[in-house]
Structures are given as structure tokens and as C-alpha cells.
Amino acid sequence: MTEKEEIMLDRNDDWGTDDIFDNKSFFLKGSDNMGWGIKNRMSRIFNPKTGYTVMLAFDHGSIMESAGLDRLDLSIQPLIHFADSIMCTRGAVRSVVSPCIRKPVCLRFSAASTVLSELNDDCVIDIEDAIRINASAIAVTVVLGDKYEAKTIRNLVFAADSGYKYEIPVVGITAINKQDSDANYLAMVARVCAENGANIVKTYYTEKNFSRIVNKCPVPVIVAGGKKMPEQKSLEFCYHAISEGAAGIDVGRNVFQSSSPVAMIKAISAIVHDNLLPEDAYQLYCELSNMS
């Protein structure tokens, strides 16, 4: 084996985690060859100055009962201003999001099933409704390894076909189908999403080898905030995800279920955009909480 072959083998073993993705003309990886419309919408979702996003998700009501979202108008409206983008359903957009709020909407595009039935047995909505809402992206759930794998991938392909037609980016959302999902599984799902047309992938953070998920995926990766954690732990979680390569945090329950939601989203934003250390972000959270 030649020296060059040994180097390439080493890179394949670690998935090139030490190599930086080479952007040529646009600040987000995997978007150099996209059209103007997709780039414009992506630059609304992600802050062009930092390359990151804090996405506020409140689409939970379409798939589960979630404490903190009983009154969307009271719990969500005060938070939207402090997010870079929002992820929600078309029902929530029309009922509680003011059209005067100039925040990019990532529209939940696959919907209709709940955790009490078959979460992955989703349908997709009409792309024309995403256009009417002026969505900056559409989001589709993808799961591998169960009976709905083919259907969720078809949903993603349909969304990508529709999105490319109108230059609306597509978010592929990783759904976990097993409790022991590790970096290898999540990296595979992220790659399948990107290969089938997703411009952004939303997945889960893993304590081991998360950077492998990011490096194996050729498009930006956003990390789902997941279940409610203590505020300090949640801020540490956000810090690790960003420092290990995530392009943003999709926050939901760890914000709107916090004892001080506005303080929490501000502290998370300080980590994502201002490189604040988690202990400093927690101090900021405590100070802002005391002021409210």
C-alpha cells in the first residue's frame, strides 16, 4: 500500500473529521451550486454573519401533547422575536404568527400522524400552500429501518422535487426508530436525507462521534433540542453541539418549558452566535431571569 493510499484509508476511517468543508461561493456547505432562490431563503434561516441559526420549533402539537404549548399565542409570540427562524405547522402560522413578523418560516410539510398511532405514517401537504405562507423551507420526517422507511423517503423526494421547482429549501428531519440509535445510524439517515435532496438536515446530538454525523453529511446539520433538561445542562448541550460542528440548534421544549423562556432563548443565542461558554451563558440566563 502506498503512502497516499494509507492517508486516504485513515481519512475514510475517521470520516475526514479534521478536514474543513471547502465552500467556494456561499457561506453554507453544500449550497454552492444551488439556485438564487434557495440561497436567499437559506440566508434568511441562517445568519450570514455567523453561519448559524437558532430555530424555534413549536410544531409539537401536531404529533404530541406538549406542556408549555397550551396557549400558543401566550407562550410562543414573546419568543419569536429572539429566534432566527421558526418551525411550525401551517395551522399555527395562520392562527398565532403575525404576518408582520419578519421571521423565516420552516413549514412542517409532512404531517397527520401522532406518537399514539404511527408517527412515521406521514402524508405531505401541497407545495402551493407553502408558497402562500411564503415559507423559507419545508420540513419532512425521514426514518430508516421500519415499515415506513420507503414512504418517508418518497415524501422527502416529493418535497425535494417540489422545493427545487420553486427554489424552496427542504429540511430532512431524522426520526429515531430504535432506542440505541448511535452516531453511525444517525449519520446514515442524515446522508440519506442529503442524497435524496434535503438542503438541511435536522438530527440528534450524540455524546460520542457527533462530528462524524456532521462531516458525513454534505449539507448543514441542525440539532434537535429534545426533551426538557435543566437549563444549565441544556446550555451545555447546545455548546457541545455547536462546537462539534452543528450549524444551529432547533429549540422547543427546553425554551418554552423553561421557567424563564425569553431568558433561555437569549442565552442559547449567545452560545450559538457569540461563542459564549456554557457557564457564562447560564450566568446570563440567571441574570435575565431575575430581571423578568
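Residues numbered from 1 in each chain as written. Predicted model: local features only at pLDDT ≥ 70, side-chain atom pairs only at ≥ 80, totals over all residues. Heavy atoms only, no water.

### So, the nonpolar core
And step 1. If you look at the biggest cluster of nonpolar residues, it comprises 71 residues, and the most contacted ones within it are L56, F58, I138 and I268.
And step 2. Tallying contributions element by element places helix 8 (residues 183–195) first for this core, with 8 residues.
And step 3. Within the second largest apolar cluster, 17 residues are counted, among which are F26, F46, M55 and A57. (Core = buried A, V, L, I, M, F, W, Y, C linked by side-chain atoms within 4.5 Å. Buried < 20%, exposed > 50% of the residue type's maximum accessible area, 1.4 Å probe, protein only. Helix = DSSP H or I, 4+ residues; strand = E, 2+ residues; numbered from the N terminus.)

### Here's the deal with unusual backbone geometry
And step 1. Phi is positive for E167, close to 55°, though the residue is something other than glycine.
And step 2. Among the secondary structure elements, E167 is positioned in the loop between helix 7 (149–166) and strand 7 (170–174).
And step 3. Positive phi, normally seen in glycine, also occurs at N275, with a value near 60°.
And step 4. Relative to the helices and strands, N275 is located in the loop between helix 12 (261–274) and helix 13 (278–291).
And step 5. Residue classification places N275 among the exposed positions, given a relative accessible area of 60%.

### Topic: the pattern of salt bridges
And step 1. As enumerated under the stated definition, the model contains 8 salt bridges in all.
And step 2. For D129, the salt bridge goes to R132, with nearest N and O atoms at 3.1 Å. In this pair, D129 and R132 both sit in helix 6 (residues 127–133), 3 residues apart, roughly one turn of the helix.
And step 3. Exposure remark for D129: the relative accessible area of 4% places this residue in the buried category.
And step 4. Between R191 and E195 there is a salt bridge, with its nearest N and O atoms 2.7 Å apart. (Salt bridge = Lys/Arg side-chain N within 4 Å of Asp/Glu carboxyl O.)

### So, the packing of helix 10 (residues 231–243) against helix 12
And step 1. One way to put it is that helix 10 packs onto helix 12 with a least axis distance of 9 Å and a crossing angle of 25°. Relative to helix 12, helix 10 is oriented roughly parallel. Crossing geometry of helix 10 relative to helix 12 is assigned as right-handed. Taken together, the residues of helix 12 that come into contact with helix 10 (itself represented by E231, S234, L235, C238, Y239 and I242) are M264, A267, I268, I271 and V272. (Axes fitted to C-alpha atoms, helices over the stretch in contact; angles between N-to-C directions. Parallel < 35°, antiparallel > 145°, perpendicular 65-115°, else oblique. Left-handed = near helix turned anticlockwise from the far one by under 90°. Contact = heavy atoms within 4.5 Å.)

### Here we look at empty space enclosed by the protein
And step 1. In the structure shown here, the tally under the stated rule is 1 cavity of 30 Å³ or more.
And step 2. Looking at the largest cavity, its volume works out to about 40 Å³.
And step 3. Looking at the largest cavity, the residues that line it are G225, M229, S234, F237, C238, I249, V251, G252, N254 and I268.
And step 4. Secondary structure elements with two or more residues in the lining of the largest cavity: helix 10 and strand 10 (248–251).
And step 5. Ranked by the residues each element gives to the lining of the largest cavity, the list is headed by helix 10, at 3 residues.
And step 6. Broken down by class, the residue content of the lining of the largest cavity amounts to 6 nonpolar, 4 polar and no charged. (1 Å grid on protein atoms, 1.4 Å probe; cavity = no way out; pocket = protein on both sides within 12 Å on 5 of 7 lines; lining within 4 Å. Points joined across faces, edges and corners; volume = space filled by probe spheres on them. Nonpolar A, V, L, I, M, F, W, Y, C, P; charged D, E, K, R; others polar.)

### So, the confidence of the model for the protein
And step 1. For the protein, the mean per-residue pLDDT works out to 87, and 83% of the residues sit at or above 70.
And step 2. In this model, residues 1–11 is a region of pLDDT below 50 whose contacts with residues beyond four sequence positions or in other chains number 4 contacts. (pLDDT = per-residue confidence, 0-100.)

### Digging into the packing of aromatic side chains
And step 1. Here the structure, examined in full by the defined rule, presents 4 aromatic pairs.
And step 2. Ring geometry for Y282 and Y285: centres 6.1 Å apart, planes at 25°, overall stacked. A residue pair is termed a helical-turn pair when its members lie 3 or 4 positions apart in one helix, as Y282 and Y285 do in helix 13 at 3 residues.
And step 3. Members of the aromatic cluster, connected to one another through ring pairs, are Y205, F210 and F237. (Phe/Tyr/Trp six-rings, centres within 6.5 Å; stacked < 30°, edge-to-face > 60°.)

### Some thoughts on the environment of A246
And step 1. Mapped onto the elements, A246 comes out in the loop between helix 10 and strand 10.
And step 2. The spacing of A246 and P220 is 26 residues in sequence and 7.3 Å in space, taken between C-alpha atoms.
And step 3. Setting aside residues no more than four positions away along its own chain, A246 makes contact with Y52, F210, V214, V221, V223 and A241.

### Comments concerning the sheet that holds strand 8 (residues 200–203)
And step 1. Taken in spatial order, the 8 strands line up as 1-2-3-6-7-8-9-10 and close into a barrel, and their pairing is parallel. Each neighbouring strand pair of the sheet contributes to a mean axis angle of 25°, computed without reference to strand direction.
And step 2. Where helix 10 meets the sheet, its contacts fall on strand 9 (221–224) and strand 10, and the angle it forms with strand 10 comes to roughly 145°. (Pairing = 2+ DSSP bridges.)

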